Amino acid sequence: MKTYQLAAVPGDGIGVEVIAAGLQVLEALSQHLGGFAFEVTHYPWDSAYYLKHGHYIPEGGLAQLKQADAIFFGAVGSQQVPDHISLWGLRLPICQGFDQYANVRPARVLPGVKSPLHNGEAIDWVIVRENSEGEYSGSGGRVHQGLPIEVATEVSTFTRVGVERIHRFAFELARSRPAKHLTLVTKSNAQRHGMVLWDEVFAEVAKDYPDVRTTRELVDAVTTTMVLKPAQLDVIVATNLHADILSDLAAALSGSLGIAPTANLNPERSFPSMFEPIHGSAFDITGKGVANPIATFWTAALMLEHLGEPAAARHLMQAIEAVTASGLHTPDLGGTATTAQVTDAVIELLRR
Ligand code: IPM
Ligand code: MG
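This structure is a prediction, so every number in the text was calculated from the model and none was measured.

Further remarks concern the layout of surface pockets. Considering only enclosed or pocket space, the largest pocket measures out at about 760 Å³ in volume. Among the secondary structure elements, those contributing two or more residues to the lining of the largest pocket are strand 3 (70–75), helix 4 (83–97), strand 6 (134–143), helix 8 (240–253) and strand 12 (273–277). In terms of residues, the lining of the largest pocket owes the most to one element, helix 4, which gives 7 residues. Its residues placed into classes, the lining of the largest pocket shows 10 nonpolar, 8 polar and 9 charged. By volume, the second largest pocket amounts to about 590 Å³. Lining the second largest pocket are 23 residues, with Pro106, Val126, Trp298, Leu302 and Glu305 positioned closest to its centre. Listing elements by their share of the lining of the second largest pocket, those giving two or more residues are strand 4 (102–108), strand 5 (124–130), helix 5 (160–175), strand 11 (261–265), helix 9 (294–307) and helix 10 (310–326). Among the elements that take part in the lining of the second largest pocket, helix 9 stands out by supplying 5 residues, more than any other. Residues of the lining of the second largest pocket, tallied by class, amount to 16 nonpolar, 1 polar and 6 charged.

So, in structure tokens, the structure goes:
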């Protein structure tokens with residue numbers, strides 16, 4: 001019997017509700033299948049904790065988290081704390097501190113879910129987001145603050161090592177899928193330094209993957225491909241900011257932000273990886289019990305795969321898809337079901 005150490009960081013807003021639901025589902029899964037179990041440590045690092053203590057992650061907190069086999073993360077963001085403070089206080093120190101450089105964001109229209117596209121069933125994408133540098137490197141500064149001559153710089157940093165490792169990761173992933181197709185997304189016509197490095201390194205790495213078909217698209221153009229010709233895409237690799245934007249579009253085209261999962265991976269496994277729904281804290285529905293837990297369940301399936309429990313991941317995905325197909329939908333998908341109802345339905349199927 002394997003016992004996985006799970007660090008639960010529910011964070012803010014509906015993060016609390018969906019992580020609780022996700023843990024219930026993982027517990028039911030391990031009871032039903034046997035062979036593995038979870039020991040969960042809860043970390044209370046939310047924005048209320050920040051307002052009380054002046055920090056999200058306390059001294060030594062990252063060292064504690066590092067002991068975990070995986071981190072199950074809800075959301076961060078509160079109306080009481082500026083977003084750049086909460087992001088740089090909690091999520092980015094984990095992603096960057098643990099070198100979770102590969103952010104994997106699958107998008108697919110689950111059975112019973114309606115895409116705004118007439119041909120939404122063609123969506124079967126994985127967006128690979130560079131997760132450690134680029135536009136999110138935090139490099140820059142402000143000079144002459146508050147004065148009319150104020151200047152601010154926001155510098156994107158691209159390293160050859162950072163670019164090469166994300167391309168290799170994306171090629172490996174593309175190779176493992178039936179279509180074996182990788183689209184490189186940049187903006188190397190206008191941004192002539194970092195983005196050109198992305199193009200060059202991509203071409204070099206591509207030589208090692210002759211079995212993977214490649215295409216290149218500019219980030220503006222790929223939005224039209226996503227909407228008008230979704231079947232032309234399979235795996236997409238893009239920078240931190242570009243992939244952030246494309247993944248919201250991908251989630252909307254797949255029917256709802258409430259179903260989109262993500263894995264922040266440290267592929268070398270020197271550090272734990274982090275798994276989170278991409279929807280964020282959603283103040284408008286916090287506490288109402290109607291948050292869609294499907295993104296978190298799908299996220300849990302990605303986590304099980306990473307932990308080396310592919311059969312459990314498949315079993316969970318089948319239960320998720322049976323529930324979405326049944327029409328038991330939360331309001332974001334046009335239904336009236338509650339978080340608890342969807343969770344109970346998934347658990348009931350897991351036990352069969
Ligand atoms: C995401 C989110 C975050 C990001 C926010 C919360 C800062 O949009 O995970 O896509 O931009 O990285
Ligand atoms: Mg985003």
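Domain parsing of the protein yields domain 1 (1–102 + 257–352) and domain 2 (115–254). Measuring from the centre of the C-alpha atoms in domain 1 to the corresponding centre in domain 2 gives 24 Å. Counting residues at the interface gives 16 residues for domain 1, matched by 14 residues for domain 2. Approximately 1200 Å² of surface area, both sides summed, lies buried where domain 1 meets domain 2, with 59% of it carried by carbon and sulfur atoms. It is Gln96, Tyr101 and Leu257 in domain 1 that bury the most area against domain 2; as a group they hold 41% of the surface buried on that side. If you look at where domain 1 meets domain 2, you find 1 salt bridge.

With that settled, consider the sheet that holds strand 4. If you trace the 10 strands from one edge of the open sheet to the other, you get 2-1-3-12-11-4-5-10-8-9, paired in mixed fashion. Edge positions in the open sheet fall to strand 2 (36–42) and strand 9 (213–218), since each of these has one partner strand only. Each neighbouring strand pair of the sheet contributes to a mean axis angle of 25°, computed without reference to strand direction. Of the strand pairs in this sheet, strand 1 (residues 2–11) and strand 2 are connected by 7 bridges, and their pairing is parallel.

Think of an α-helix as turning once every 3.6 residues; residues three or four places apart then point the same way. Helix length check: helix 11 (residues 339–350) (12 residues) gives 17 Å between terminal C-alpha atoms against 16 Å at 1.5 Å per residue, within 8%. Those residues of helix 11 that fall on the buried side of the exposure criterion are Thr339, Val342, Thr343, Val346, Ile347 and Leu350. Seen from one end, helix 11 has its buried residues packed into an arc of 130°, which puts them on one side. Of the surrounding elements, those touching the buried residues of helix 11 are helix 1 (14–33), helix 9 and helix 10.

With that settled, the discussion passes to the pattern of salt bridges. For the coordinates displayed, the defined rule picks out 14 salt bridges. With a closest N to O distance of 2.6 Å, Arg142 and Glu150 form a salt bridge. When its relative accessible area of 28% is taken as the criterion, Glu150 is described as partly exposed. When the shortest N-O distance is used, the salt bridge between Arg168 and Asp208 registers 3.0 Å. Pair noted here: Arg168 is in helix 5 and Asp208 is in the loop between helix 6 (194–206) and strand 9, with a separation of 40 residues, a long-range link. Taking the relative accessible area as the measure of exposure, Arg168 reaches 28% and is therefore partly exposed. A single salt-bridge network, built from bridges that share partners, covers Asp124, Arg177 and Asp234.

What counts, and where the lines are drawn
Residues numbered from 1 in each chain as written. Chains lettered and ligands numbered in written order. Predicted model: local features only at pLDDT ≥ 70, side-chain atom pairs only at ≥ 80, totals over all residues. Heavy atoms only, no water. 1 Å grid on protein atoms, 1.4 Å probe; cavity = no way out; pocket = protein on both sides within 12 Å on 5 of 7 lines; lining within 4 Å. Points joined across faces, edges and corners; volume = space filled by probe spheres on them. Helix = DSSP H or I, 4+ residues; strand = E, 2+ residues; numbered from the N terminus. Nonpolar A, V, L, I, M, F, W, Y, C, P; charged D, E, K, R; others polar. Domains from an automatic or database assignment. Contact = heavy atoms within 4.5 Å. Buried area = accessible area lost by both parts, 1.4 Å probe. Salt bridge = Lys/Arg side-chain N within 4 Å of Asp/Glu carboxyl O. Pairing = 2+ DSSP bridges. Axes fitted to C-alpha atoms, helices over the stretch in contact; angles between N-to-C directions. Expected span 1.5 Å × (residues − 1). Buried < 20%, exposed > 50% of the residue type's maximum accessible area, 1.4 Å probe, protein only. Arc of directions from axis to C-beta.

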